[in-house]
Amino acid sequence: MGTSQSREGLEVTDSDSDYEEEKEDQNEQEHYEDAQTTTAPKNNLDEIDARLKSLKLKYNNSQTTPPPVNAVKLYLHIGGNTPNAKWTLSDKHTSYAFLKNDRDEDQNDDDDGESGAFYVLKVGSKVRARVSTEMQLKMFGDQRRVDFVSNSVWALKFPTDEAYRRFVTEFQDCLFENMYGLEATEENKVKIYGKEFIGWVKPEAADDSMWEDADDFSPAKAKTPVRVREDLMEEFEEAANGGVQSLSLGALDNSFLVNDTGVHVYRNFDRGIHGKGVAVKFNSGGSGKFSNLGEHTPNKALLMRAETNMMLMSPMKEGKPHGSKLHQLDIETGKIVSEWKFEKDGADITMRDITNDTKGSQLDPSESTFLGLDDNRLCQWDMRERKGMVQNIALSNSPVLHWTQGHQFSRGTNFQCFATTGDGSIVVGSLDGKIRLYSKTSMRQAKTAFPGLGSPITHVDVTYDGKWVLGTTDTYLVLICTLFTDKDGKTKTGFSGRMGNRIPAPRLLKLTPLDSHLAGANNKFHGGHFSWVTESGKQERHLVATVGKFSVIWDFQQVKNSAHECYRNQQGLKSCYCYKIVLKDESIVESRFMHDKFAVSDSPEAPLVVATPMKVSSFSLSGKRHG
């Protein structure tokens, strides 16, 4: 309940155990030197011979026990994030190995059920972990050290720079093979990512200049990547009546929480949202109340028509997001005015997700269309008759939404989520990790398709100007720059044209191994969002995602800064670990920044709203401390 800074962790070289170990080594060396220079009477040859034999045995012991191959020191982090947290030396002389195991031989592996062989990292007798992004491996090149999670938080300390680099390279190769089932050769990497995405294979060869967006990048910041202190202060917290499913923020007067009992209305203020004590109840009976919404609480809520209407979609089956119809709620009267069916060519179909035509179209009072997404469908739905007239709700129990444009793809796209830009361009995330960009004029063929990094995309967002895309996976966020320079020297986004072969490498937003461990082994990232602007020329300033009881906030400008301190001494794709955490006492359903119009003069950002199943809280982000 409150906030905390991200924790980089203590340097393992500063631990008491390490100092004691060095002192012990010095004492041993001093003992040997003293013994070697000790003199004795010449006539006591037996004593001299005995002493020499004793010394020889010591030296022989050290010489006949060479350091193990892949020698490392293993440290264990204890104390969590308390003031007493520290690294302890777990194994002074051990070694690591990457072993290929068959799943049938590894009954204790708690993985996702995939078959076949895979690589594990084994460190002495204390660590055994499948090589995956769930290890949250973090590199400290200047310390010749890596930290990772495997039931606990561990660190490996390497004797030389060469040994450190060899480990990192081998880890990344094993990770590639575990993800794609192919050996990590250059040929196979190009096969997976494509020739155009050479920067994703070799980030050091990527064009990083596009990250330094001329609109909002200051060269001075690159020279001094000092973090501006920003404080989060909780403004409001109140009960949310339990069972919260989703949060719908409005840019006008109100925002809404959907829970097991109904839609609850909150008033928007410049310091957050506050309950009005008004709710539209589910299944309460009587005229003007909700009709049968299906067996399950709505899991999708979409504001439309200047935020006077809300489209509610309920899943058909428990644990599945797909719905076959929508309920249209008139917020002003509290009545369901229609129950819409999804239909194509006379057959009922389902939708996995729905969203507005553009990032700001919910403010349009005449809005009658919205977008739909299913596993292999991307389309636009229209609530009007084909002749242009609004359907007569009174004459139809279940009016049919009209498929105005879109495409039904062949099997294999496995769409999971989507979002729109300010001009109506569409970004779609898929199960295979691919992120596709569609122009506002065509849903048939993506203008750009970014390759996956091995993890499914569970949520996606895009900036209002379309320059940046944020994909959420279970263990990290991937931030993609869509800018490129065409053959005429003009700067465009990947929504409007093919990006060629100078595509910037993505950046990853991750938790430190310690924070990942504290978040809980079964907790996954979800709902990564940019802050919310609907005005051309304005740039989003923060990113937020949730994992377990954490809301995690990154400074957008800092992430884009190529000279940021997080990126020093890293191999592979740049990963940013600088963030702020909002900690709640229960798992968070959703975290969103309010519309930019609610940012006050002393704040660099609009308030952050955090919803848990039982409570809703609002936080102000300030560039200075509150008094």
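Residues numbered from 1 in each chain as written. Predicted model: local features only at pLDDT ≥ 70, side-chain atom pairs only at ≥ 80, totals over all residues. Heavy atoms only, no water.

**So, the environment of Q408**
- If you trace the backbone, Q408 turns up in strand β23 (residues 402-408).
- You can call Q408 partly exposed: its relative accessible area is 41%. (Helix = DSSP H or I, 4+ residues; strand = E, 2+ residues; numbered from the N terminus. Buried < 20%, exposed > 50% of the residue type's maximum accessible area, 1.4 Å probe, protein only.)

**Thoughts on the environment of K487**
- Among the secondary structure elements, K487 is positioned in the loop between β31 (483-485) and β32 (491-493).
- Residue K487 is classed as exposed on the basis of its relative accessible area of 83%.
- Put simply, K487 and G500 are 13 residues apart on the chain and 9.3 Å apart in space, counted from C-alpha to C-alpha.

**Description of the sheet that holds strand β30 (residues 477-481)**
- Spatial ordering of the open sheet is given by β28-β29-β30-β33-β37, a layout of 5 strands whose pairing is mixed. Every interior strand has two partners, whereas the edge strands, β28 (459-462) and β37 (575-576), have only one.
- For β28 and strand β29 (residues 468-472), the ladder comprises 4 bridges, and the chain directions are antiparallel. Across the sheet, residue V462 finds its bridge partner in β29, namely V469. (Pairing = 2+ DSSP bridges.)

**A short note on the pairing of strand β13 (residues 272-281)**
- Two strands pair when backbone bridges link them, and strand β12 (residues 262-269) and β13 are joined in this way by 8 bridges, in the antiparallel orientation. Residue pairing in the sheet places F269 in a bridge with G272 of β13.

**Here's the deal with helix α4 (residues 186-193)**
- Every buried residue of α4 is listed here: N188, K189 and Y193. End-on view of α4: buried residues confined to an arc of 120°, all on one side of the axis. Turned more than 90 degrees away from the buried face of α4 sit E187 and K191, all of them exposed.
- Looking at the packing, one finds that the buried side of α4 touches α3 (161-180) and α5 (198-201).
- Note on α4: the residue one or two positions beyond its end, G194, has a positive phi of about 95°. (Arc of directions from axis to C-beta. Contact = heavy atoms within 4.5 Å.)

**A look at the side chain of Q416**
- Summarising the element assignment, Q416 is placed in strand β24 (residues 415-420).
- A relative accessible area of 19% places Q416 in the buried class.
- In this structure the side chain of Q416 is engaged in a polar contact, spanning 3.4 Å, whose partner is the backbone oxygen of N414.
- When near neighbours in sequence (up to four residues on either side) are disregarded, Q416 contacts R352, L373, G429, S430, L431 and I457. (Polar contact = N/O pair within 3.5 Å; in protein donor to acceptor, adjacent residues only side chain to side chain.)

**Thoughts on unusual backbone geometry**
- Even without being glycine, N151 reaches a positive phi, approximately 70°.
- Within the secondary structure, N151 sits in the loop between β7 (145-150) and β8 (152-157).
- Note on N151: relative accessible area 70%, which makes it exposed.
- In this model, E307 sits at a positive phi of 60°, which is unusual for a non-glycine residue.
- By the secondary structure assignment, E307 is in the loop between β14 (300-304) and β15 (309-313).

**Considerations on the sheet that holds strand β16 (residues 325-330)**
- Reading across the sheet, the 4 strands line up as β14-β15-β16-β17 and stay open at both edges, with antiparallel pairing between neighbours. The strands lining the two open edges of the sheet, one partner per strand, are β14 and β17 (335-341). This sheet shows a mean twist of 25° between the axes of neighbouring strands, independent of strand direction.
- In this structure, β14 lies alongside β15, joined through 5 bridges in antiparallel fashion. Paired with M304 across the bridge in β15 is N309. (Axes fitted to C-alpha atoms, helices over the stretch in contact; angles between N-to-C directions.)

**Remarks on the confidence of the model for the chain**
- Mean pLDDT for the chain: 81, with 78% of residues reaching 70 or above.
- Taken as a whole, residues 14-43 scores under 50 in pLDDT and shows 27 contacts with residues more than four places along the chain or in a different chain.
- Of the regions scoring below 50 in pLDDT, residues 284-291 engages in 17 contacts with residues more than four places distant in sequence or in other chains. (pLDDT = per-residue confidence, 0-100.)

**Here's the deal with the packing of aromatic side chains**
- This model, assessed by the stated rule, comprises 21 aromatic pairs.
- A ring pair is formed by Y96 and F158, whose centres lie 6.1 Å apart and whose planes are at 80°; its orientation type is edge-to-face. Of this pair, Y96 sits in strand β3 (residues 86-102) while F158 sits in the loop between β8 and α3, and the two are 62 residues apart along the sequence. Like F158, Y96 is buried.
- Linked through ring pairs, Y96, F98, F158, Y164, F167 and F171 together constitute an aromatic cluster.
- Between R130 and the ring centre of F118, over which it is positioned, the NZ or CZ distance is 4.5 Å.
- Lying over the aromatic face of F556, K560 brings its terminal NZ or CZ to 4.1 Å of the ring centre. (Phe/Tyr/Trp six-rings, centres within 6.5 Å; stacked < 30°, edge-to-face > 60°. Lys NZ or Arg CZ within 6 Å of the ring centre and 35° of its normal.)

**So, α3**
- The first and last C-alpha atoms of α3 sit 29 Å apart over 20 residues, in line with the 28 Å expected at 1.5 Å per residue.
- Along α3, the residues that are buried comprise A163, Y164, F167, V168, F171, C174, L175, F176, E177 and N178.
- Looking one or two places after α3, you find G181, whose phi comes out positive at around 70°. (Expected span 1.5 Å × (residues − 1).)

**What about the packing of α3 against α4?**
- Contact pair α3 / α4: the axes reach a minimum separation of 12 Å and the direction vectors enclose 50°. As summarised for this structure, α3 and α4 are arranged oblique, according to the angle between their axes. Considering only the axes of α3 and α4, their crossing is left-handed. Contacts between α3 and α4 involve D173, F176 and Y180 on the former and, on the latter, N188, K189, I192 and Y193.
- Across the contact of α3 with α4, the residue classes break down as 4 nonpolar, 1 polar and 2 charged. (Parallel < 35°, antiparallel > 145°, perpendicular 65-115°, else oblique. Left-handed = near helix turned anticlockwise from the far one by under 90°. Nonpolar A, V, L, I, M, F, W, Y, C, P; charged D, E, K, R; others polar.)

**Digging into the pattern of salt bridges**
- Applying the stated criterion to the full structure yields 22 salt bridges.
- The closest approach of N and O atoms between E237 and K584, which form a salt bridge, is 2.7 Å. Within this pair, whereas E237 is found in strand β9 (residues 231-239), its partner K584 is found in the loop between β38 (580-583) and β39 (590-593), the two being separated by 347 residues in sequence.
- Among the charged side chains, a salt-bridge network with shared partners connects E234, E237, K584, D585 and K615. (Salt bridge = Lys/Arg side-chain N within 4 Å of Asp/Glu carboxyl O.)

**Focus: the pairing of strand β2 (residues 71-78)**
- Here β2 runs beside β3; their pairing, made up of 7 bridges, is antiparallel. If you follow Y75 over to β3, its bridge partner there is L89.
- Relative to β8, β2 runs antiparallel, the two being bridged by 4 bridges. Note on β8: the bridge partner recorded for K73 is K157.

**Notes on the environment of L247**
- Mapped onto the elements, L247 comes out in strand β10 (residues 246-248).
- C-alpha separation for the pair L247 and E590, spaced 343 residues apart in sequence, amounts to 6.7 Å.
- Setting aside residues up to four positions removed in sequence, L247 forms contacts with F256, L257, E590, R592 and V609.

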